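Residue-level structure breakdown
As a plain string of letters, each chain reads:
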Amino acid sequence: MSILVTGGTGYIGSHTVVELLNKGYDVVIVDNLCNSKLEVLNRIFKITGKTPRFYKVDVRYEEELRPIFEKEKITDIIHFAGLKSVGESVKFPELYEENNVGSSKVLLKLMSEFKVHNLVFSSSATVYGVPKHVPLMEDDPVGGCTNPYGQTKLDIEYLLKDYAKEHKDANIAILRYFNPIGAHQSGLIGEDPQGIPNNLMPYITQVAVGKREFLNVWGNDYHTIDGTGVRDYIHVLDLADGHLAALRKLAEKPGLVIYNLGTGRGTSVLELVAAFEKASGVKIKYVIGPRRSGDVDENYADVTKAKREMNWESKYNIEDACRDSWRWQKNNPNGYDE
Ligand code: NAD
Ligand code: UFG
């Protein structure tokens, strides 16, 4: 009875692995370390006193993944492995297709062959494209993705739907994450972006720690409370907990289910900056810049379905998440590199 976690040394994966180990699950991680470090495993041990079994495997390659299915008694899979940079996906769309969609196909093939019935998949609010209204509900239209990364998430959702039609014993939870931020309260694991961060929170924390001079606020002429973009920032520990809720749901054999994982509340860029300053006591210098291409005014989740069907809801607020992101960054100014 083991949970296979692909991409388990990554940001969301590592936090989910900690929650799984704390709840007594047996965890097997596969990751090719293209965007994470082995040091994560030491940190997981420091937090939980346990080390998950780890295999350096590229999920795209069946011959690398097959031995894990042969060796381990996998009952459930959480599939985090994927590339996630929107900008990079515009430059290298084929790589994103091959890595994200290709690896999901390999995983499904082995799932079918080894009769593993339960899968949780990391999707994204990006599949809703440009929202016609907020909050976004799970049965709102998807498509019109503004970048190749988003398109891979949508393509994988379609793959999973086809798979569920052909495999009546499959139980699949598609989780559409909104904007994950925060870190484990130990300050031992967190988000460790390589190079210049694309996302708002790691950029803010790098300004706070002195690695970047100022934050560029991408546009202040949106139709929002203060003109800056509004998003649904969810603490990564709430997100991790959402995966455990999804595993419990899959045990009820629901077939294919889809849930938004967000807080249901929107926060603007400047509100997040203010919350971070309050939580950290550090002033964040910022400059208003032009809009970033592909960005939308507002994006936040309707979370009633996850509450109703999984009894899951977020517990942390953005101040908690800012405090925890800051602790991680302050304790690890260079991420996992000593
Ligand atoms: P991350 O980059 O920290 O983690 C992804 C992990 O997958 C990394 O450890 C990487 O090394 C690994 N990986 C990538 N391709 C692989 C492959 N072919 N074989 C084996 N391992 C591979 O990213 P994250 O923020 O933890 O995101 C996890 C998942 O959630 C991704 O699928 C991402 O698209 C999705 N998601 C993330 C966000 C976000 O803002 N962080 C939002 C919505 C959805
Ligand atoms: N922003 C800035 N300055 C920055 C970075 C971001 O002003 O340096 C603004 C953006 O314009 C946006 C907000 O902060 O208004 C959030 O931007 P992020 O890049 O942090 O997040 P996005 O909502 O653009 O995208 C994130 C993930 C995607 C995922 C999407 C799903 O990065 O992978 O959420 O909703 F698809």
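Our structure is the block above this text.
Below is a summary of the structure that appears in this document. Residue indices follow the written sequence of each chain, beginning from 1 at its first position. Chains and ligands are labelled sequentially in the order written, the chains with letters from A and the ligands with numbers from 1. Local features in a predicted model are, by the rule used here, given only for residues with pLDDT of at least 70; side-chain atom pairs are given and counted only at 80 or more, and totals for whole chains, interfaces and linings are based on all residues. The side-chain numbers reported here are obtained from all heavy atoms of the structure, hydrogens and water having been left aside.

**A few points about the packing of aromatic side chains**
For clarity, the cut-off: Two aromatic rings, drawn from Phe, Tyr or Trp (for Trp, its six-membered ring), form a pair once their centres lie within 6.5 Å of each other, and the interplanar angle then sorts them: stacked below 30 degrees, edge-to-face above 60, tilted otherwise. A run of DSSP states H or I qualifies as a helix once it reaches four residues; a run of E qualifies as a strand once it reaches two. Both are numbered from the N-terminal end. Each residue is assigned to one of three classes by its accessible area relative to the maximum for its type, calculated with a 1.4 Å probe on protein chains only: buried under 20%, partly exposed between the two thresholds, exposed over 50%.
The full count for this structure, using the stated rule, is three aromatic pairs. Ring plane angle 45° and centroid distance 5.5 Å describe the contact between Phe69 and Phe114, whose orientation is recorded as tilted. Remark: Phe114 occurs in the loop between helix H5 (93–113) and strand S5 (118–124) and Phe69 occurs in helix H3 (residues 62–71); sequence separation between them is 45 residues. Judged by relative accessible area, Phe69 falls into the buried class, the value being 4%. Judged by centre distance (5.8 Å) and plane angle (80°), the ring pair of Phe276 and Trp326 falls under edge-to-face. Here Phe276, found in helix H9 (residues 269–280), pairs with Trp326, found in helix H11 (residues 318–331); they are 50 residues apart in sequence, far enough to count as distant.

**Here we look at the site of ligand 1**
The line we're drawing: Residues are counted as near a molecule or strand when any one of their heavy atoms sits within 4 Å of it. Counting of polar contacts relies on pairs of N or O atoms within 3.5 Å, with two restrictions inside protein: one atom must be capable of donating a hydrogen and the other of accepting it, and residues adjacent in sequence are counted only when both atoms are side-chain atoms. Shrake-Rupley sampling with a 1.4 Å probe provides the accessible areas, and residues are treated as covered by the protein chains on show and by no other component.
Lining the immediate environment of ligand 1, one finds 27 residues, of which Asp31, Asn35, Ser36, Phe80 and Tyr149 sit closest. Between ligand 1 and Ser36 there is a distance of 2.7 Å, counted from an oxygen atom to a side-chain nitrogen or oxygen. Measuring from an oxygen atom of ligand 1, one finds a side-chain N or O atom of Lys153 at 2.8 Å. Contact with the protein chains removes 95% of the 820 Å² of surface that ligand 1 exposes when unbound. Elements that contribute at least two residues to the shell around ligand 1 include exactly helix H1 (11–22), S5 and helix H6 (148–166). Among the elements that take part in the shell around ligand 1, S5 stands out by supplying three residues, more than any other.

**Some points on unusual backbone geometry**
The bulk of non-glycine residues show a negative phi, and the bulk of peptide bonds are trans. The step from Val134 to Pro135 runs through a cis peptide bond, and the omega angle for that step is 0°. Backbone geometry places Leu33, a non-glycine residue, at a positive phi of 65°. Secondary-structure assignment places Leu33 in the loop between strand S2 (26–31) and helix H2 (39–48). Here Lys115, not a glycine, exhibits a phi torsion of approximately 55°, which is positive. Structurally, Lys115 is set in the loop between H5 and S5.

**Looking at the nonpolar core**
Note the following rule: Joining through side-chain atoms within 4.5 Å is the link that ties buried Ala, Val, Leu, Ile, Met, Phe, Trp, Tyr and Cys residues into a set, and such a set is a nonpolar core. Whether two residues are in contact is decided by their heavy atoms, any of which lying within 4.5 Å being enough.
Of all hydrophobic cores here, the largest spans 37 residues; its most connected members are Leu20, Val120, Leu175 and Met310. Those elements that provide at least two residues to this core are strand S1 (2–6), H1, S2, H2, strand S6 (171–177), helix H8 (236–250), strand S11 (256–261) and helix H10 (304–310). Per element, the largest residue contribution to this core is seven residues, and it comes from H8. With residues near it in sequence (within four places) discarded, Met310 still touches Gly242, Ala245, Ala246, Lys249, Tyr259, Leu261 and Lys305. Ranked by size, the runner-up nonpolar core spans 29 residues in total, among them Val30, Val59, Leu65 and Ile68.

Everything listed here is a matter of geometry and, on its own, says nothing about what the molecule does.
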